[in-house]
Amino acid sequence: AARLASRARVSLRAHVRARIRGRHRVSAVAPRAALDLDALDLGQTLGAIKRHEALLNLPPGKVGLFGARETFEYLADPNAFIKKRVAKYGPVFKTGIFFKPAIVFGSREAVEAFREFESELPADAALPETFRELHTAYGALRQSGAEHEATRANFGKVLGRAALERYAPIVARQTRDFVLGEVLVGGCGNSGGFLTEQQKRTLTREGKITVNEDGSVTKLAAAFAEDAAGKPKLQPGYDLRQFCLKSLFELFLGIVPPEALMNEMYAYNEGLLALGKLSPEFEEGEKALKKLLDYVEKHYRTIKAQGKLDDDTYFFLKQYSTARDEKGELFPDDRVATTAVLMIWGAYIEAAANMGHALWTLMRHPTSLAEVKKETRAAFTSAALKTADPQSFHLKNVMDLKYCEAVVKETLRVVPQTAGGLRVNPTQRKFLEYDVPAGYVLTADPRVAFLDPTNFPEPDTFAPERFLEAQDERRITWEAEQMTDGGLKESRSRDPDAYFPGGVGQHKCPGISLSTLMTQIFLVYVTGAFDGWAPDESGEGSFDPEYVQIPIVIIDDKYRLELERNWQYE
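Description of the structure in this document. (Residues numbered from 1 in each chain as written. Predicted model: local features only at pLDDT ≥ 70, side-chain atom pairs only at ≥ 80, totals over all residues. Heavy atoms only, no water.)

So, about unusual backbone geometry. The phi angle at Phe99 is positive, at roughly 65 degrees, despite the residue not being glycine. Mapped onto the elements of the fold, Phe99 is located in the loop between β1 (92–97) and β2 (100–105). Phe99 gets classed as partly exposed once you look at its relative accessible area, which sits at 25%. Phi angles above zero are rare outside glycine, and Thr136 is one such case at about 70 degrees. Here Thr136 lies in the loop between α6 (129–135) and α7 (145–159). On the accessibility criterion, Thr136 (14% relative accessible area) is buried. (Helix = DSSP H or I, 4+ residues; strand = E, 2+ residues; numbered from the N terminus. Buried < 20%, exposed > 50% of the residue type's maximum accessible area, 1.4 Å probe, protein only.)

As structure tokens, this is what we get:
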């Protein structure tokens, strides 16, 4: 048994490395074939005996002895894993996630019941050791009780409506510089993702890039004149990730660090997901975190010493300079720095994934794209886009783009980015009609809720109209088309127990509103400057993207789009 577990960990380590880097496709471990009788599965039987579950009433599903088979299949394609098990077992089932027995659920009744005791569950027991270490004691995902309440109380200052009002004009200016200053002129879609040393040498010889002393790359705009004359290109996985990383550093710190320093965030992310503290990924993650924290803390202290905290540029740092913990004491400098790094880490890839997925869903649904263009072009003139006029990009004006917002929300539903939070049940309890043993992971998974036709009629259909106001004519028309002999199947798009893309409870993602704002402004610019886009299938291009699955589902670096200029905008 020990040898089997060891082999499973070694295989998983290689699997996770490949999936995170997005450079190789790794197939899922083949499921046990043919016989579909869970009770006759030897691993499941031995696991139930080992965990003393024989007399308990658990949900349907399989964990196995170590949870290895389930874990491998989950890592290969989390969304497909969940969909397959919901179809087989229903919206509440047991499985194995990261070698731990787990109960996954998403029915409204289960989510409602979970909310009643979720705050009692310890925060970090379900997290891997490497994640706990690198997320630090200051990270909200590790905290519980009064400590966690104090941490979340400060989130409102930098992620609430008042903060978003400050951010909207800044995000508009950043997006203008990216879409009009880089994408439109042909400066994107040529990176190939992370360049190898050979690729860097080749592009340097061709006069397309220069390699700086710190290893970062600068593209030479003149080298892309030919691309600018043709169709601009975009690699939504790579280009949007870099854009959002840069934008969030500026938004939260008031400056854009050197590219090499920003890119330490990728090594930090790999370290969080390493399978052991002795692994190279963890060691590199530790080094990356130290570099990031040293840089941010030094910057914060400099701003304080210079008396600049009251400048609007440093709004985020100003808010945290007055933040207090559960004992009423001010956050020390290292906690402010750690908070900034963790919030940038949590936000940049979420926003980038949302933008890329929105491009993909709109490309596949031209009627919805036409409706977005109609709305955004009526609300924002080309002059407003070119100047990123702060008055035009007031938060209210962006939020008035109701169809655009509906597209972002529906995209989060049909292309879920991640699971819900993982919480460990410390003592045996009743959950609905089931017994939950101590040590089981409990997770309210939004992907389960999003697949439930009682929550979302025709769940596989992309329909932004389901998120519009009830009196909106577009929703009324769509609902009329959904009428059946049994009457209207109502969409529960506004029910927090049915639609929770950021999770539920004390540890739900606090940054969904900021991600939505950034994505909406991005769609304003991309639908203003371009009439549409299509896959670039030249070279090694493909029609459909591949995805990096862990920790956030995001389009991989290789996928490329060609964009059609809006000559009327020009």
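Attention now goes to the pairing of β1. Both faces of the sheet carry side chains from a regular strand, because those side chains alternate between them. By the criterion of burial, β1 is predominantly enclosed, with six of the six residues buried. Of the strand pairs in this sheet, β1 and β2 are connected by six bridges, and their pairing is antiparallel. When the bridges of β2 are listed, Gly96 appears paired with Pro101. (Pairing = 2+ DSSP bridges.)

Attention now moves to the pairing of β2. Within β2, five of the six residues are buried, which leaves it mostly tucked inside the rest of the structure. Taken together, β1 and the strand that follows it, β2, pair antiparallel across an intervening segment of two residues, in which Phe98 is found at a positive phi of about 55 degrees. By the bridge criterion, four bridges tie β2 to strand β9 (residues 441–444) in an arrangement that is parallel. Bridge pairing links Ile103 to Leu442 in β9.

Bringing the packing of aromatic side chains into the picture now. Inspection of every chain in the model, using the stated rule, returns 24 aromatic pairs. Consider the rings of Tyr74 and Phe98, whose centres lie 6.2 Å apart with planes at 75 degrees: the pair is edge-to-face. Highlighted residues: Tyr74 in helix α3 (residues 68–76) and Phe98 in the loop between β1 and β2, separated in sequence by 24 residues. Pairwise contacts between aromatic rings join Tyr167, Phe252, Phe315, Phe316, Tyr320 and Phe331 into one cluster. The ring of Phe117 carries Arg429 above its face, with NZ or CZ at 4.1 Å from the centroid. (Phe/Tyr/Trp six-rings, centres within 6.5 Å; stacked < 30°, edge-to-face > 60°. Lys NZ or Arg CZ within 6 Å of the ring centre and 35° of its normal.)

Within the largest apolar cluster, 133 residues are counted, with the highest numbers of intra-cluster contacts made by Phe105, Tyr167, Met265, Tyr268 and Leu514. The biggest single contributor to this core is helix α16 (residues 333–364), with 20 residues. In contact with Tyr167, not counting residues within four places along its chain, are Val158, Leu251, Phe252, Phe315, Phe316 and Leu514. Counting 16 residues, the second-largest nonpolar core is a separate cluster that includes Phe81, Val86, Tyr89 and Val448. (Core = buried A, V, L, I, M, F, W, Y, C linked by side-chain atoms within 4.5 Å. Contact = heavy atoms within 4.5 Å.)

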